[in-house]
Amino acid sequence: MKSHVWRPLYVVLFVVATILVVRKIVVPPDFGIGPRGYMYGWHRPSNEGEWQKVTVKYRTTEYCKKCHRDKYDEIKQSPHANIACENCHGPALAHPEDPKALNIDRTRELCARCHFRLEYPTSGRGKIRGIDPKTHNPGLECVTCHWPHDPRKEGHHDHAQKLL
Amino acid sequence: MITRRSFCKKSLLMIGGLALPLSAFELFDPKRLLAEKGDGKKVRWVFLVDTEKCVGCGFCVKGCKTENEIPYDANVTRTWVERYVVTKDGKTHIDSPKGGRDGFENRAIDIGEGKFQEIKNEEISKAFFVPKLCNQCDNPPCVQVCPVGATYQTEDGVVLVDRKWCIGCGYCVMGCPYGVRFFHPVYHTAEKCNFCYHRISQGMKTACVEACAFGARRIGNIRDPEDPVTKIITTERVNVLKEEYGTTPQVFYLGLTKEVK
């Protein structure tokens, strides 16, 4: 048969071969059906490991306790016992190496997350003692009068003097 | 010499033998049957949210955004807290300013476009907060619709997104009935809550669970009968969101009402 009849076939074979080669290079070798089957498990399994390697930023109270045992003991016997250190002090990351010091959030807004009074009868929020930040000593940091590690104690007045 | 009778007999025997599948010769093994009945998995992560305990402080949202590197000021978040205020006239007012990242420090409901609706305390019949996150469904619709296999479910039940493989088509964002998916503003790939997979894989709790001072959020392993979360789910009145979609969500709620469902 004449070659012009076969020519399209060669073109098709070439295209198919190119696609197969490209597929071999581009698709990761581990790509396949996972234990969850074709519908939910079709993926690249090495990605699971990539997600597991994400850096932990919040090291939890147990990590802080190792060096700051005194602070830990103080807050644990106070009404604020359930609040994690890193909620106010920020994520520990690799502290004390990096960062050397944590940036403490002493804003009124931080305390008002729980202590802005909302009269919600069917929520735990309604049971928390609260204030209206607009009328309750506006401009002053809460820690001036209230010691956050044990709100039953007084805060740092010296800190207030620095501000005034 | 082969007779007509023996030829017929032998052919029938051979056809009968060929028709028997190999598995018919396998011996009955009760241990293997039991293993196949349960799927044999040791871990299946589930989440428990107690809406009675949530006070809407938003520390969970703040912690999640930092832990999972979601740009802090972008208006997207893997988990968020909704406020529901049901008034005595039967209306439900819902808001979640910035996903509740900064808590709820305004009595008025954020109704969008910078407008706020004041609600008097005496008009409220019930008001509460509901944290939301990915339900890590047993039948995740977001995974079914992915055309490239970039999103998938791990053996322990967590749905993950392969950032290298995601093409950003957005089918999964549309497919999720709970609206938990969005595009990551930096990577431009689909993004979702993954129960802090890096933390739970090494025995830690998720960032949101650690940040919650009220025990409103808890994570557990439903395959472990001694897990306190499993005990609550199996013995108390828990509910899930939008079960009519058939997604079999694995985030269980205590104190869920019809306004939320």
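Just so you know, the residues in each chain are numbered from 1, in the order the chain's sequence is written. Here chains are named by letter from A upward and ligands by number from 1 upward, in the order in which they appear as written. Whole-chain, interface and lining totals are the exception, using all residues; otherwise, since this is a predicted model, local features are given only for residues with pLDDT of at least 70 and side-chain atom pairs are given and counted only at 80 or more. The side-chain quantities take in all heavy atoms of the structure and omit both hydrogens and water.

Observations regarding the overall build of chain A
Consideration 1: Segments assigned H or I by DSSP are reported as helices when at least four residues long, segments assigned E as strands when at least two residues long, and all are numbered from the N terminus. Looking only at helices and strands, one finds 8 helices and 2 strands in chain A.
Consideration 2: Ordering the α and β elements of chain A from the N terminus gives α-β-α-β-α-α-α-α-α-α.
Consideration 3: Taken over C-alpha atoms, the radius of gyration is set against a globule rule of 2.2 Å times the number of residues to the power 0.38. The C-alpha radius of gyration computed for chain A amounts to 30 Å, which surpasses the reference 15 Å derived for 164 residues by more than 25%, pointing to a less compact arrangement than a globule.
Consideration 4: Over its C-alpha atoms, taken along the principal directions, chain A stretches across nearly 100 × 40 × 35 Å.
Consideration 5: When contacts within chain A are restricted to residue pairs at least 6 apart in sequence, long-range pairs at least 24 apart make up 37% of them.
Consideration 6: For every accessible area listed, the method is Shrake-Rupley and the probe measures 1.4 Å; residues are considered covered only by the protein chains on display. For chain A, the exposed area adds up to about 11000 Å²; of that, 63% sits on carbon and sulfur atoms. When checking whether two residues touch, look at their non-hydrogen atoms; a contact exists if any pair is within 4.5 Å.

Focus on the interface of chain B and chain A
How big an interface is tends to be stated in terms of the accessible area lost upon association of its parts.
Consideration 1: At the junction of the two partners, chain B supplies 62 residues and chain A supplies 46 residues.
Consideration 2: Of all residues in chain B, the largest losses of buried area upon contact with chain A belong to F59, E105 and R107 of chain B, amounting jointly to 14% of the total for that side.
Consideration 3: Salt bridge, as used here: a side-chain nitrogen of Lys or Arg that lies within 4 Å of a carboxyl oxygen of Asp or Glu. Applying the counting criterion to the chain B and chain A interface returns 4 salt bridges.
Consideration 4: As a salt-bridge pair, K164 of chain B and E50 of chain A come within 3.3 Å of each other at their nearest N and O atoms.
Consideration 5: Two N or O atoms count as a polar contact when they lie within 3.5 Å, although within protein this holds only if one can serve as hydrogen donor and the other as acceptor, and sequence-adjacent residues are included solely when both atoms are side-chain atoms. Taken together, chain B and chain A are joined by 28 residue pairs in polar contact (both at pLDDT 80 or more).
Consideration 6: Here the side of chain B that touches chain A gets 6 residues from one element, more than from any other, and that element is strand β6 (residues 124–132) of chain B.
Consideration 7: Of the residues in the side of chain B that touches chain A, the class split is 24 nonpolar, 18 polar and 20 charged. Simply put, the buried area is the total loss of 1.4 Å probe accessible area from both parts when two parts are fitted together. Basically, the charged four are Asp, Glu, Lys and Arg, the nonpolar ten are Ala, Val, Leu, Ile, Met, Phe, Trp, Tyr, Cys and Pro, and anything else, Gly included, counts as polar.

Brief notes about the sheet that holds strand β3 (residues 92–95) of chain B
Residue and element names in this part refer to chain B.
Consideration 1: Between any two strands, pairing holds if DSSP finds at least two bridges. In space, the 3 strands of this open sheet follow the order β3-β2-β6, with antiparallel pairing throughout. Only two strands of the sheet have a single neighbouring strand rather than two, namely β3 and β6. Averaged over all neighbouring strand pairs, the angle between strand axes comes to 15°, with direction disregarded.
Consideration 2: The sheet contact formed by strand β2 (residues 80–87) and β3 spans 4 bridges and is antiparallel. Bridging from a neighbouring strand, Y84 pairs with I94 of β3. In this analysis an axis means a line fitted to C-alpha atoms, helices contributing only their contacting stretch, and an angle means the value between N-to-C directions, from 0 to 180 degrees.

Considerations on the environment of V145 of chain B
Residues and elements named next belong to chain B.
Consideration 1: On the secondary structure map, V145 appears in the loop between α4 (141–144) and β7 (151–153).
Consideration 2: Classification of V145 by relative accessible area gives partly exposed; the value is 33%.
Consideration 3: The sequence separation of V145 and R218 amounts to 73 residues, and the corresponding C-alpha distance is 29 Å.
Consideration 4: Those residues within four positions of V145 in sequence are excluded, and the remaining contacts are Y171 and C172. Using a 1.4 Å probe on the protein chains alone, a residue whose accessible area is under 20% of its type maximum counts as buried, one over 50% counts as exposed, and one in between counts as partly exposed.

Digging into the domain arrangement of chain A
Consideration 1: As used throughout, domain bounds are those supplied by an automatic or database domain assignment. Parsing chain A into structural domains produces domain 1 (27–56) and domain 2 (60–163).
Consideration 2: For domain 1 of chain A and domain 2 of chain A, the distance between their C-alpha centres works out to 41 Å.

A word on the pairing of β3 of chain B
Consideration 1: Because side chains alternate across β3 of chain B, one face comprises the buried residues H93 and D95 of chain B, and the other comprises T92 and I94 of chain B, none of which is buried.
Consideration 2: Between β2 of chain B and β3 of chain B, which pair antiparallel in sequence order, lie 4 residues; one of them, G90 of chain B, sits at a positive phi of approximately 90°.

A closer look at the environment of P79 of chain A
Residue and element names in this part refer to chain A.
Consideration 1: In this structure, P79 sits in the loop between α5 (69–76) and α6 (85–89).
Consideration 2: A relative accessible area of 57% places P79 in the exposed class.
Consideration 3: Dropping the residues within four chain positions of it, P79 is found in contact with D150, P151 and R152.

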